[in-house]
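What the coordinates show
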Amino acid sequence: MMDQDPIGPGLGEGLPGGRRPPRAGGAPRHAYQLTEETPVYVISVAAELSGLHPQTLRQYDRLGLVCPDRTAGRGRRYSARDIQQLREVQRLSQDEGINLAGIKRIIELENQVAALQSRIGELADSLEGAASALQQREAAVHASYRRDLVPYQQVQQSSALVVWRPKR
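Residues numbered from 1 in each chain as written. Predicted model: local features only at pLDDT ≥ 70, side-chain atom pairs only at ≥ 80, totals over all residues. Heavy atoms only, no water.

1. Focus: the overall build of the chain
The line we're drawing: The secondary structure listing takes helices from DSSP runs of H or I that are at least 4 residues long and strands from runs of E that are at least 2 residues long, numbered from the N terminus. For every residue, the accessible area obtained with a 1.4 Å probe (protein chains only) is divided by the maximum for its type, and the residue is called buried under 20%, exposed over 50%, and partly exposed between those limits. Only heavy atoms matter for contacts: two residues are in contact if any of them lie within 4.5 Å across the pair.
In terms of regular secondary structure, the chain is built from four helices and two strands. When the elements of the chain are put in sequence order from the N terminus, they spell out α-α-β-β-α-α. Looking at the 168 residues of the chain, the share that counts as buried comes to 24%. Look at the contacts in the chain between residues 6 or more apart in sequence, and 59% of them connect residues 24 or more apart.

In structure tokens, the structure reads:
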């Protein structure tokens, strides 16, 4: 994911439709571990924090713009990241004049860019590892050279004509 300003993350985080990718390493969520992805806010609190009406949050969820986590009873639970995303959707809609379909497409494209950047990082790490392994193999081959052998250098042949006259 891309680093954003200290206010919070931008739209380009998560998966298309506002869903979140699985947690790295499959780490379980613990009750005592609060992160910006921890769903703790009910819809009324999230609406107040984002400055939107609860019905607007429901509409954004239906459209797939911001998809909060759900409780066992299907109640919505918003995280701090969801609230930042709600604010960004509202900003794009009100300040920039972008319609909701356009905002959804922006979110999808930003998510795609983030996924591709992550893949580039993985490939760069893999390439770096392969180059390191190749250098180690090359060093091992050079270390295995026999030191008692002398390199052969081919003598350059000349086109000069030498006349030999034996003394009598």
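That was the structure; now back to the text.
2. Thoughts on helix H3 (residues 80-94)
Applied cut-off: The span one expects for a helix is its residue count, reduced by one, times 1.5 Å.
Taking 1.5 Å per residue as the helical rise, H3 with its 15 residues ought to reach 21 Å, and the 21 Å between its terminal C-alpha atoms agrees with that figure. Those residues of H3 not exposed but buried are Arg81, Asp82, Ile83, Gln84, Gln85, Leu86, Val89, Leu92 and Ser93. Where H3 is buried, its residues contact helix H1 (43-50), helix H2 (54-63), strand E2 (76-77) and helix H4 (100-143).

3. Considering the environment of Ile83
When you line up the elements, Ile83 lands in helix H3. For Ile83, a relative accessible area of 4% puts it in the buried group. Put simply, Ile83 and Val45 are 38 residues apart on the chain and 9.9 Å apart in space, counted from C-alpha to C-alpha. When sequence neighbours within four positions are dropped, the list of residues in contact with Ile83 reads Tyr41, Ala46, Leu49 and Ser50.

4. What about the pattern of salt bridges?
Where we set the bar: Take a side-chain nitrogen of Lys or Arg and a carboxyl oxygen of Asp or Glu: if they are within 4 Å of each other, that pair is a salt bridge.
Applying the stated criterion to the full structure yields eight salt bridges. Note that Glu96 is salt-bridged to Arg91, the shortest N-O span being 3.2 Å. A residue is classified by how much of its surface remains accessible, and Glu96, at 48% relative accessible area, is partly exposed. Across the salt bridge formed by Glu108 and Arg105, the nearest N and O atoms sit 3.5 Å from each other. With a gap of three residues between them, Glu108 and Arg105 both fall in helix H4, about one helical turn apart. For Glu108, a relative accessible area of 24% gives the class partly exposed. Three or more residues are tied together by salt bridges with common partners; here these are Glu36, Glu37 and Arg81.

5. Some remarks on the packing of H3 against H4
The condition is simple: To define axes, lines are fitted to C-alpha atoms, for helices over the stretch in contact only, and angles between the resulting N-to-C directions are given on a 0 to 180 degree scale. Any angle from 65 to 115 degrees is called roughly perpendicular, while one under 35 is roughly parallel, one over 145 is roughly antiparallel, and all others are oblique. The handedness criterion is simple: a crossing whose near helix is rotated anticlockwise from the far helix by less than a right angle is left-handed, and one whose near helix is rotated clockwise is right-handed. Residue classes follow a fixed rule: Ala, Val, Leu, Ile, Met, Phe, Trp, Tyr, Cys and Pro count as nonpolar, while Asp, Glu, Lys and Arg count as charged, and any other residue, Gly among them, counts as polar.
Remark: H3 packs on H4, axes separated minimally by 10 Å, with the N-to-C direction vectors making an angle of 130°. Here H3 lies oblique to H4, going by the angle between them. Here H3 runs over H4; the crossing is right-handed. Of H4, the residues touching H3 (which contributes Gln85, Val89, Leu92 and Ser93) are Leu100, Ile103 and Ile107. In terms of residue class, the contact of H3 with H4 is built from five nonpolar, two polar and no charged.

6. Topic: H4
Residue pairs spaced three or four apart in an α-helix point in one direction, given the helix's 3.6 residues per turn. Helix length check: H4 (44 residues) gives 64 Å between terminal C-alpha atoms against 64 Å at 1.5 Å per residue, within 8%. Of all the residues in H4, the buried ones are Ile103, Ile107, Asn111 and Ala114.

7. Overview of a nonpolar patch on the surface
Formally: Each patch groups residues whose relative accessible area exceeds 30% and which form no salt bridge, using 9 Å between like charges and 5 Å between nonpolar side chains of Val, Leu, Ile, Met, Phe, Trp and Tyr. Computed with a 1.4 Å probe, the accessible areas rest on the Shrake-Rupley method; for each residue, only the protein chains presented here act as cover.
Taken together, the side chains of Val42, Val45 and Leu49 define a hydrophobic patch exposed on the protein surface, amounting to about 190 Å² of accessible area. Along the chain, Val42 falls in the segment before H1. Of the residues examined, Val42 reaches a relative accessible area of 31% and is grouped as partly exposed.

By themselves these figures say nothing about function.
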